[in-house]
Amino acid sequence: MLIDKHNDLVQKLHAMHLNIVHSRIHKLKTLGNLKSPCFVKREDELSFGISGTKFRKYLSLLPHILEDSPDQVIVIGSAFSNNVLGLSQRLIENELTPLLFLLGASTPKLIGNFLLTSLFVPSDQIHWISRIDWPKVEDITYQYTQENSSQRFFIIPEGACMPEALPGALTLPLDILENEKIENYEFKNLFIESATGLTAIAVILVFVWLHKTTHVHVLLVAGQTKIFLEKLDHYRKLFEKFMATDLPWECVLRQFSLHIPSINRSFGAINSAIFMKILDVARHEGFLTDPIYSAKLFLETERIIDNYKLTGPNLIIHSGGALALIGYQTQLRKAWKLAGDNLR
Ligand SMILES: *Cc1c(COP(=O)(O)O)cnc(C)c1O
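First, a word on scope: everything that follows refers to the structure included in this document.

The rules behind these values
- Residues numbered from 1 in each chain as written.
- Predicted model: local features only at pLDDT ≥ 70, side-chain atom pairs only at ≥ 80, totals over all residues.
- Heavy atoms only, no water.
- Helix = DSSP H or I, 4+ residues; strand = E, 2+ residues; numbered from the N terminus.
- Rg over C-alpha atoms; globule rule 2.2 N^0.38 Å.
- Buried < 20%, exposed > 50% of the residue type's maximum accessible area, 1.4 Å probe, protein only.
- Areas by Shrake-Rupley, 256 points an atom, 1.4 Å probe, with all protein chains shown as cover.
- Phe/Tyr/Trp six-rings, centres within 6.5 Å; stacked < 30°, edge-to-face > 60°.
- Lys NZ or Arg CZ within 6 Å of the ring centre and 35° of its normal.
- Near = heavy atom within 4 Å.
- Polar contact = N/O pair within 3.5 Å; in protein donor to acceptor, adjacent residues only side chain to side chain.
- Nonpolar A, V, L, I, M, F, W, Y, C, P; charged D, E, K, R; others polar.
- Core = buried A, V, L, I, M, F, W, Y, C linked by side-chain atoms within 4.5 Å.
- Domains from an automatic or database assignment.
- Contact = heavy atoms within 4.5 Å.
- Salt bridge = Lys/Arg side-chain N within 4 Å of Asp/Glu carboxyl O.
- Axes fitted to C-alpha atoms, helices over the stretch in contact; angles between N-to-C directions.
- Parallel < 35°, antiparallel > 145°, perpendicular 65-115°, else oblique.
- Left-handed = near helix turned anticlockwise from the far one by under 90°.

Another aspect to go through is the overall build of the chain. Helix and strand counts for the chain stand at 13 helices and 10 strands. Here the C-alpha radius of gyration of the chain, 20 Å, is about what a compact globule of 344 residues would show, namely 20 Å. Reported as C-alpha extents along the three principal axes, the dimensions of the chain are approximately 60 × 55 × 35 Å. Here the chain holds 344 residues, and the buried ones make up 53% of them. Summed over all atoms, the accessible surface of the chain reaches about 16,100 Å², with 54% contributed by carbon and sulfur.

Below you can see the structure in the form of structure tokens.
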């Protein structure tokens, strides 16, 4: 019965010419313990230049844009956004013109993700929106499209959080089921960070729908609980329509817990502990994490497992985004010096 349901969704996505792209998982050595072993899902390996969450969202979003065949694609976001950087690449690859509406009063320093984005998008295709006007950015872009009505536009909101990205995001929970099948066990807990929340929401909805016992721990690196719940309910209804099913709200609420970072609560807030974690993970696990998303998730996952005495196996989603590290060389050097040879 559940296998049938699972196949229904796979078939539906295949009918949209959407493949369930695969990333591997492997065991971690320094996180978790014997009772609670931890595994990592290497979504960072899906693409060198595009973070894993975004790579999946674009699987369904890009065909929509191509079908619409606009003259320009407006992408809204921060100058350092992984979505702005990632989508610019996919648009250029497909001969579409990105037009960026970025948060900032004037051109910021050419550093980090913004430097990389600038390699793809020339500055005359960038509009700067001040922090004061930022809450109205969607109205401003809409007005821009009205004033330039001879051209056709497709507008991508912050983080590509839009219904067209949902089918792509749904490939993540399906691929987790594939990992479980390969390894022949079921995860008790899953850890994932949330910014717009769409990726975490996709995981929660599919797990509820398939009556999976895996509990989803969502780390809110951005956004508020209230907004996350509103979005969850909104996408729950879309999923119900998409699969012609019922997902009762009580069942959805039982599937997950929300966690607020214990340190550096606000989005983008970082401190030296995060850079020490990046070094620690590199030395002992052999992969890179970024300070905004993954290193925060790794830090907090350790705390959550301890605090709630969770038993495993646990799966941590490494969503990618490590290219952002090029903007943090000073902090990385400092962490390297601090660690010295103590951190073997
Ligand atoms: C964009 C991004 C997220 C957040 O994904 P949402 O679907 O917006 O919650 C998390 N991690 C990384 C590395 C990202 O690039």
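Enumeration over the complete set of coordinates arrives at 11 aromatic pairs. Ring plane angle 65° and centroid distance 5.7 Å describe the contact between Phe 39 and Phe 187, whose orientation is recorded as edge-to-face. Placement of the pair is Phe 39 in strand β2 (residues 37–42) and Phe 187 in the loop between α7 (171–183) and β7 (189–194), with a sequence separation of 148 residues. The pair formed by Phe 39 and Phe 187 is uniform in burial state, with each residue classed as buried. Within the aromatic cluster, the residues linked to one another by ring pairs are Phe 39, Tyr 185 and Phe 187. Directly above the ring of Phe 242 sits Lys 12, whose terminal nitrogen or CZ lies 5.7 Å from the centroid. Sitting over the face of the ring of Tyr 293, Lys 54 holds its NZ or CZ atom 6.0 Å from the ring centroid.

Near the ligand, the surroundings consist of 15 residues, among which Ser 51, Lys 54, Glu 193, Thr 196 and Thr 199 are the closest. Within the side chain of Glu 193, a nitrogen or oxygen atom sits 2.8 Å from a nitrogen atom of the ligand. Contact between the ligand and Thr 196: an oxygen atom at 2.6 Å from a side-chain N or O atom of the residue. In isolation the ligand exposes 390 Å². Once the protein is present, 98% of that is buried. Of all the secondary-structure elements, those providing two or more residues to the shell around the ligand are α2 (52–68), β7 and α8 (198–209). The leading source of residues in the shell around the ligand is α2, at 3 residues. Split by residue class, the shell around the ligand holds 3 nonpolar, 9 polar and 3 charged.

Quick look at the nonpolar core now. Taken as a class, soluble globular proteins show a tendency for nonpolar side chains to be buried jointly. One finds Ile 65, Ile 156, Leu 190, Ile 192, Ile 204, Val 216 and Phe 228 to be the most contacted residues of the largest nonpolar core, which totals 66 residues. Both domain 1 (2–49 + 164–339) and domain 2 (70–151) contribute no fewer than three residues apiece to this core. Residues in contact with Ile 192, not counting those within four places in the same chain, are Leu 172, Thr 199, Ala 200, Val 203, Val 216, His 217, Val 218, Leu 219, Leu 297 and Ile 317. Ranked by size, the runner-up nonpolar core spans 24 residues in total, among them Ala 295, Ile 304, Leu 325 and Ala 335.

Right, let's get into the pattern of salt bridges. By the definition in use, this model includes 21 salt bridges. Here Glu 285 and Lys 29 are joined by a salt bridge, their closest N and O atoms 3.7 Å apart. Linking Glu 285 in helix α11 (residues 272–285) with Lys 29 in strand β1 (residues 25–32), this pair joins segments that are 256 residues apart in sequence. Ionic pairing is found between Arg 303 and Glu 300, a salt bridge with its closest N-O pair at 2.6 Å. Residue Arg 303 and its partner Glu 300 are both found in helix α12 (residues 294–307); the two are separated by 3 residues, about one turn of the helix. Take Arg 303: its relative accessible area is 25%, and that puts it in the partly exposed class. Here Glu 300 falls in the buried class, since its relative accessible area comes to 3%.

Right, let's talk about the packing of α7 against α8 for a bit. Where α7 contacts α8, the axes come no closer than 7 Å and their chain directions differ by 55°. Comparing the axis directions of α7 and α8 gives the class oblique. By crossing handedness, the relation of α7 to α8 is classed as right-handed. Contacts from Leu 172, Pro 173 and Ile 176 of α7 reach α8 at Thr 199, Ala 202, Val 203, Val 206 and Phe 207. Classifying every residue of the contact of α7 with α8 by side-chain character gives 7 nonpolar, 1 polar and no charged.

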